[in-house]
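Chain and residue survey
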Amino acid sequence: MKRLVMTAALLAVCQTWAAKVSSVTARTADGKAAGASDVLVRCEVKPGSEYDPAACARDVQALKNTGEYEDIAVEASHGATGVEVVYVVTRKLRFQAPLQAKGNEFWGASKIAKLSELVDGYAYGEADFAAAAGRIRAEYRKKHFADVQVTPVVEPVPGSDDAVTVTMEIVEGPRVKIRDYNFDGNEKVEADDLRAALGDYPWWNPLGWFTDKPVTEQELAEACDKVRAVYRNRGYLDATVSMPEKVAAGEDEADYVFRVDEGPCFTVGSIAVSGVKHYPEAAALASVKALAVGDVAGEEALAAAAHQLEIFCESGDNPLAETRVDVRRLPSAEDDSKLDVTFVVTEGVPVVIDRVLVRGNDYTQDKVIRREIKLSPGDRMIGDKAEQSKRRLENLRYFDRVRYYLEKTDAVAKEGEPEHRDLVYEVSEKSTGQFMVGVGASSVDSVYGTIELSESNFDLFNPWRFRGAGQKGRLLLQAGPRVQTYEASVTEPWFLDRQLELTVEGYRRQRWYDDYDVIRNGAAVTLAYPVKFWPTAEAKGRLGFKLAAEFIQMDDVENDKYYLTKGFGKYAANPDDPGAVFRWQDDEYGDNWEIPFRVFWQLDERDNFFIPTRGFKSVVYGDLVGGDNNYWKVGFNYRHYWTVWKKYGHVFSFGLRAETEDTFSDDMPIYDKLFLGGPRSIRGVDYREISPRVYSQPGKKGHYAPWGGQTSWCMNLEYTVPVCKYVRVAAFSDLGSVGEDEFDFDQDMFCWSVGLGLRIDIEQFPIRLDFATPVVDPDEDVDEEVFSFTIGYDF
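For the chain, the helix and strand inventory stands at eleven helices and 40 strands. Projected onto its principal axes, the C-alpha coordinates of the chain cover approximately 115 × 75 × 65 Å. The buried share among the 795 residues of the chain stands at 43%. Contacts in the chain between residues far apart in sequence, at least 24 positions, make up 59% of those at least 6 positions apart.

Encoded structure:
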């Protein structure tokens, strides 16, 4: 009987599918046909056409796209003459201003209307009015009305079919400013660390300037979970945190107090692996590097170790996809504060990939994602390659979240052969564009204003969206009393769909010095690609070529008399115009063209591009310059980072750079010479202070001006220690010198300085504050700069 019923139902469905559409009508959700007549003109389904549910779904989407309907449904029934299709719609209502407010005292009606963002004459649904009330409620809570209630009351306008008025009924409640978040019972974890988990930072930390603190019941419940997570990640697995109590702290102020029971801190007593059949147990255990005996048994560390074991079992010579690893924790028989950890492995199965699917990318082109995925249809599913692909996608910084998983397919595997799955990469896109207007400052550039528009997922050939092709676009305007910069650049990391990185840029850069200004107007094209080395054939760094054209001008040149010196003992004036060396440079080299061609190799293996703790970055380059000025230059820049004390985040860094240059004829223009000194080379002395000089009086070493040299080297040593999140203290030493001629490592202008500094690690806005003093000066006096500061990452 069951089989007969199922067969009849199947025949009915097939018959409906194959039937003709006999009628198409529309009505509103209240049963009225009025107001729904314009629905049908937007629908693809017509009487007489074959009934197709997909066509009905397209009609629903088309109606949604109009923005005029809050809800749309399709009813299809099989009649005597065919399928009768009915579109049931709920129309949005036309808001008629002004917005009314009732019960509001803190803000006036006009402010409430502005916060609602409702526009006169626009169509809104019930959810839209609720969202408007939510926006008002959120702004009230920012002003410390934690218990505020906002309810939208919608009333029809007499004589109109769809116009409504809206009144926001507001119960403000008491205004109580939350002064502090305190914790009772926290002995092992600092209160500031727990506050940071809630987004409550000290006043001096800019991260706290832009975060909303928890005030609602739901937000406070989530805050309890965050505090509990801090403890569990530090090994306090039994820690409990109660809902906070609001305690009065003066007039119109209160504190929230969280009651904490920390419990014991667990450490790892032993580590074991069970359930591994296809790999040696010792090899599986060795793959667990995130956890060791004696370590704190934090939840994150345990999960990371389990994930490492999963990847191990899903990789290698016999990869077993869909392996699951559970963590079993038992108190040690010898010590209750220690846990015997066993990773219980449930091995998966061999899998061959049928398709690689990408989901969630509304803007980013499929090819931008697929070129980062190192697995293809027909490949064996290998866990470490899938994980590596995930990290590559995360490093693009286009997505809030990246995850991958396997989906079953209709393919049936033969006995003894791998199963077939689709590999799915699911992404959640985030905003990748930035528009920044701000004021910056440094001890070199003084105070300057900046306007920057950038898009890290740029699309040059999509003029209405400019997003999704994986390019990088940037416009920069920077102006101040000592620097002025205009830049525009576009980078295509996969030029011609190969790993060729093409950058095209144009710029105008002007810098004011004490004795002259330099203006560079130019454009450049750079092409770089990965270099593979024998015998591993793995890419190690990028080989690049850069061709530029620059028109260089000197402006506002001083007429003060200065005289050249050789070897700091023999003084010689310019024979054409004794003493006017900067004017001579302007006459000789002002308004000149340069066509530099650079060949470079660079390798970056730092663990973090912004705040590295290990790894290194190196670049080696050589320049040939033609045009009005003809010279060559070679140099390198190397920087290495070591984690000295992992537990406390101590990092030591070593940097060394050097370059030398010479002309093919004539002298080197002063704007192409080399200088040291200042916050990005040798701290403790003035900017460009370390270089050969010219003097105001021949034969006397009195007032001077930097003249520059043709060889320089600089070494930077720094040791940093975190004092709290986002803040580090640093001890450093800088040394270097500038020689007058090519390959001139004469130590006459050698300088060595030492100092202490502070690092405030705010992403996109890192601040370096340094106090330094020279230990060894050049042969002559130098102008010291005890305090220096910069905004920006490493130098």
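Mapped onto the secondary structure, glutamate 314 falls in the loop between α8 (299-313) and β14 (324-331). Despite its burial, glutamate 314 remains without a salt bridge, the nearest opposite charge being carried by arginine 324 at 11 Å. Polar side-chain contacts of glutamate 314 include one of 3.2 Å to the backbone nitrogen of threonine 323. The residues touching glutamate 314, leaving out its near neighbours within four places in the chain, are Pro319, Leu320, Ala321, Glu322, Thr323, Met381, Ile382 and Gly383.

Counting residues in hydrophobic clusters, the biggest one holds 22 residues, and the most contacted among them are Met381, Leu393, Phe399, Leu423 and Tyr425. Secondary structure elements with two or more residues in this core: β16 (351-359), α9 (366-370), α10 (383-395), β17 (399-408) and β18 (419-429). Among residues more than four places away in sequence, those in contact with phenylalanine 399 are Thr364, Ile369, Leu393, Val427, Ser428, Glu429 and Lys430.

Turning our attention to the side chain of asparagine 104. Summarising the element assignment, asparagine 104 is placed in the loop between β5 (100-102) and α3 (109-116). There is a polar contact of 2.7 Å between the side chain of asparagine 104 and the backbone oxygen of tryptophan 107. Residues in contact with asparagine 104, not counting those within four places in the same chain, are Ala109, Ile112, Tyr140, Ile170 and Glu172.

Attention now goes to the sheet that holds strand β15 (residues 338-346). The sheet built from three strands is open, its strands ordered β13-β15-β14 with mixed pairing. Where the open sheet ends on each side, the last strands, each with one partner, are β13 (267-274) and β14. Neighbour-to-neighbour, the strand axes of the sheet open up by a mean angle of 20°, direction not taken into account. In this sheet, β15 lies alongside β13 in parallel orientation, the contact comprising seven bridges. Opposite alanine 272, over in β15, you have threonine 342 as the bridge partner.

This next bit is on the packing of aromatic side chains. Scanning the model with the defined rule gives 25 aromatic pairs in all. Ring plane angle 55° and centroid distance 5.0 Å describe the contact between tyrosine 279 and phenylalanine 312, whose orientation is recorded as tilted. Taken together, the residues tyrosine 279 in the loop between β13 and α7 (281-286) and phenylalanine 312 in helix α8 connect sequence positions 33 residues apart. On the accessibility criterion, tyrosine 279 (13% relative accessible area) is buried. A network of ring pairs unites the aromatic residues Phe106, Trp107, Tyr140 and Phe145 as a single cluster. In this structure, arginine 509 packs its charged tip against the face of tyrosine 507, placed 3.9 Å from the ring centre. Just above the ring of phenylalanine 732 sits the side chain of arginine 683; from NZ or CZ to the centre is 3.8 Å.

Another aspect to go through is the sheet that holds β18. In spatial order, the strands read β16-β18-β17; together these three strands make up an open sheet with mixed pairing. Among the strands making up the open sheet, the edge pair consists of β16 and β17. Across the sheet, the mean angle from the axis of one strand to that of its neighbour is 20°, orientation sign disregarded.

A separate point is a nonpolar patch on the surface. On the surface, Tyr529, Phe545, Leu547, Trp593, Ile595, Phe597, Val599, Leu624 and Phe664 cluster together into a nonpolar patch covering about 800 Å² of accessible area. Only β25 (538-555) and β28 (592-604) provide two or more residues apiece to the nonpolar patch. Counting residues per element, the nonpolar patch draws most heavily on β28, which supplies four residues. As for its position among the elements, leucine 547 is in strand β25.

The tally for this structure, following the rule as stated, stands at 51 salt bridges. Here glutamate 44 makes a salt bridge to arginine 58, at a shortest N to O gap of 2.9 Å. Within this pair, whereas glutamate 44 is found in the loop between β1 (21-28) and α2 (53-65), its partner arginine 58 is found in helix α2, the two being separated by 14 residues in sequence. Overall, glutamate 44 belongs to the partly exposed group, its relative accessible area being 44%.

This next bit is on the state of the cysteines. Working definition of a disulfide: a covalent bond connecting the sulfur atoms of two cysteines. One pass over the structure, following the stated rule, counts zero disulfides. Residue cysteine 56 stays outside any disulfide, its sulfur separated by 8.5 Å from that of cysteine 43, the closest cysteine. A relative accessible area of 5% places cysteine 56 in the buried class.

What counts and what doesn't
- Residues numbered from 1 in each chain as written.
- Predicted model: local features only at pLDDT ≥ 70, side-chain atom pairs only at ≥ 80, totals over all residues.
- Heavy atoms only, no water.
- Helix = DSSP H or I, 4+ residues; strand = E, 2+ residues; numbered from the N terminus.
- Buried < 20%, exposed > 50% of the residue type's maximum accessible area, 1.4 Å probe, protein only.
- Contact = heavy atoms within 4.5 Å.
- Lys, Arg positive; Asp, Glu negative; His and termini not counted.
- Salt bridge = Lys/Arg side-chain N within 4 Å of Asp/Glu carboxyl O.
- Polar contact = N/O pair within 3.5 Å; in protein donor to acceptor, adjacent residues only side chain to side chain.
- Core = buried A, V, L, I, M, F, W, Y, C linked by side-chain atoms within 4.5 Å.
- Pairing = 2+ DSSP bridges.
- Axes fitted to C-alpha atoms, helices over the stretch in contact; angles between N-to-C directions.
- Phe/Tyr/Trp six-rings, centres within 6.5 Å; stacked < 30°, edge-to-face > 60°.
- Lys NZ or Arg CZ within 6 Å of the ring centre and 35° of its normal.
- Patch = residues over 30% accessible without salt bridge, like charges linked within 9 Å, V, L, I, M, F, W, Y side chains within 5 Å.
- Areas by Shrake-Rupley, 256 points an atom, 1.4 Å probe, with all protein chains shown as cover.
- Disulfide = S-S within 2.5 Å.

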